[in-house]
Every structure is written in C-alpha cells, then in structure tokens.
Amino acid sequence: MVFEAWLDPEALRHFMCPAPGTRVTHAECDARVGGKFLIVMNVGGQDLPHRGEYLEIERYTRMVFTWLSVAAGEGSRVTLRFAESPGGHTKLTLEHVGLPDAEQRERHHSGWSNILAELSAYDGLVA
C-alpha cells in the first residue's frame, strides 16, 4: 500500500505536504516508466508545480523519478526504496540527489521529512 500511494493521485493529495499549511491542489500521474507526474502544492496561497518523470518502477521495492520545481531546479532525482519491517510495516528510504546547493538540500530534507510523516499518518504503514 505504501508503494502504491506514491503512484496514486488521490493518495498524493493527502500526504505530499512538505510543511504545515501546505495542501495539494492538483495531482496527476502516468504511473509507468517514462510516464510523467504533476503535483501542484499550494504554499501560502501560491500554487507551486512539481513535475517529474518515472525512471524506474520496480513494484514494491524501488522507484526512481526526476523532480523538477522552481526550488529544486531541473537536475534532481529521487530514489525510494521499500522494505518490509517487523510488524507488517514498510520501511521507506528516500534519497534526493542533484539539488543545486546546501540551502536547497536542507529545505528539501525538511520537506521530505514532513511528507514522510504525513504519509505515515495517512496510512499507518511507514515504520
């Protein structure tokens, strides 16, 4: 379920919130290798589009996609790794590379941390 949430526009609307008060106003996914996604996050009344392309989708173990936004620039990539952990939970490891500078790395670390917390609250499966 955790893996599939990353490919489901309705689920993305619930957890893809990098900061308190952020909401997703639009999400669409073409969930296949080479498919594109669009997630529009509303932050402080401003819609910020986040786009990408799925580079790898290995069901239930790994997903890799590009991540393009005003803050991230055009050269970054996100890798998600999924593994079972005790109690039937899912361990999720997220790596984001190619951000333009230390400030953006710190901001994205904070944002992804909040997103993972929202995901955990959304479905209760992330360990």
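Everything that follows concerns the structure shown earlier in this document.
Residues numbered from 1 in each chain as written. Predicted model: local features only at pLDDT ≥ 70, side-chain atom pairs only at ≥ 80, totals over all residues. Heavy atoms only, no water.

Caption draft 1: The packing of aromatic side chains, seen in detail. Applying the stated criterion to the full structure yields 10 aromatic pairs. Ring geometry for Phe3 against Phe82: centres 4.9 Å apart, planes inclined by 65 degrees, an arrangement best described as edge-to-face. Taken as a pair, Phe3 in helix α1 (residues 2–5) and Phe82 in strand β5 (residues 73–85) lie far apart in primary sequence, 79 residues in all. The class of Phe3 is buried, set by a relative accessible area of 3%. Aromatic pair Trp6 and Phe15: ring centres 5.1 Å apart, planes at 65 degrees, arrangement edge-to-face. The class of Trp6 is buried, set by a relative accessible area of 3%. Aromatic ring contacts, followed pair by pair, group Trp6, Phe15, Phe37, Tyr54, Phe65, Trp67 and Trp112 into a single cluster. (Phe/Tyr/Trp six-rings, centres within 6.5 Å; stacked < 30°, edge-to-face > 60°. Helix = DSSP H or I, 4+ residues; strand = E, 2+ residues; numbered from the N terminus. Buried < 20%, exposed > 50% of the residue type's maximum accessible area, 1.4 Å probe, protein only.)

Caption draft 2: View of the state of the cysteines. Per the stated rule, a full pass over the model turns up zero disulfides. With no disulfide of its own, Cys17 lies closest to Cys29 among cysteine sulfurs, the gap being 14 Å. The exposure class assigned to Cys17 is buried, which follows from its relative accessible area of 8%. (Disulfide = S-S within 2.5 Å.)

Caption draft 3: Looking closely at the nonpolar core. Among the nonpolar cores identified, the biggest contains 28 residues, and Trp6, Phe15, Met16, Met63, Phe65 and Trp67 are the most heavily contacted of them. Secondary structure elements with two or more residues in this core: α1, α2 (9–15), β1 (23–29), β2 (36–43), β3 (46–58), β4 (62–69), β5 and α3 (102–123). Not counting residues up to four positions away in its chain, the partners in contact with Phe65 are Trp6, Phe37, Glu53, Tyr54, Leu55, Arg77, Val78 and Leu80. (Core = buried A, V, L, I, M, F, W, Y, C linked by side-chain atoms within 4.5 Å. Contact = heavy atoms within 4.5 Å.)

Caption draft 4: The sheet that holds β5, seen in detail. Pairing within the open sheet is antiparallel, and its six strands lie in the order β1-β2-β3-β4-β5-β6. At either margin of the open sheet sits one strand with a lone partner, and together these are β1 and β6 (89–97). Each strand axis lies, on average, 25 degrees off the axis of its neighbour in the sheet, ignoring direction. Relative to β6, β5 runs antiparallel, the two being bridged by nine bridges. Bridging across to β6, Val78 finds its partner in His96. (Pairing = 2+ DSSP bridges. Axes fitted to C-alpha atoms, helices over the stretch in contact; angles between N-to-C directions.)

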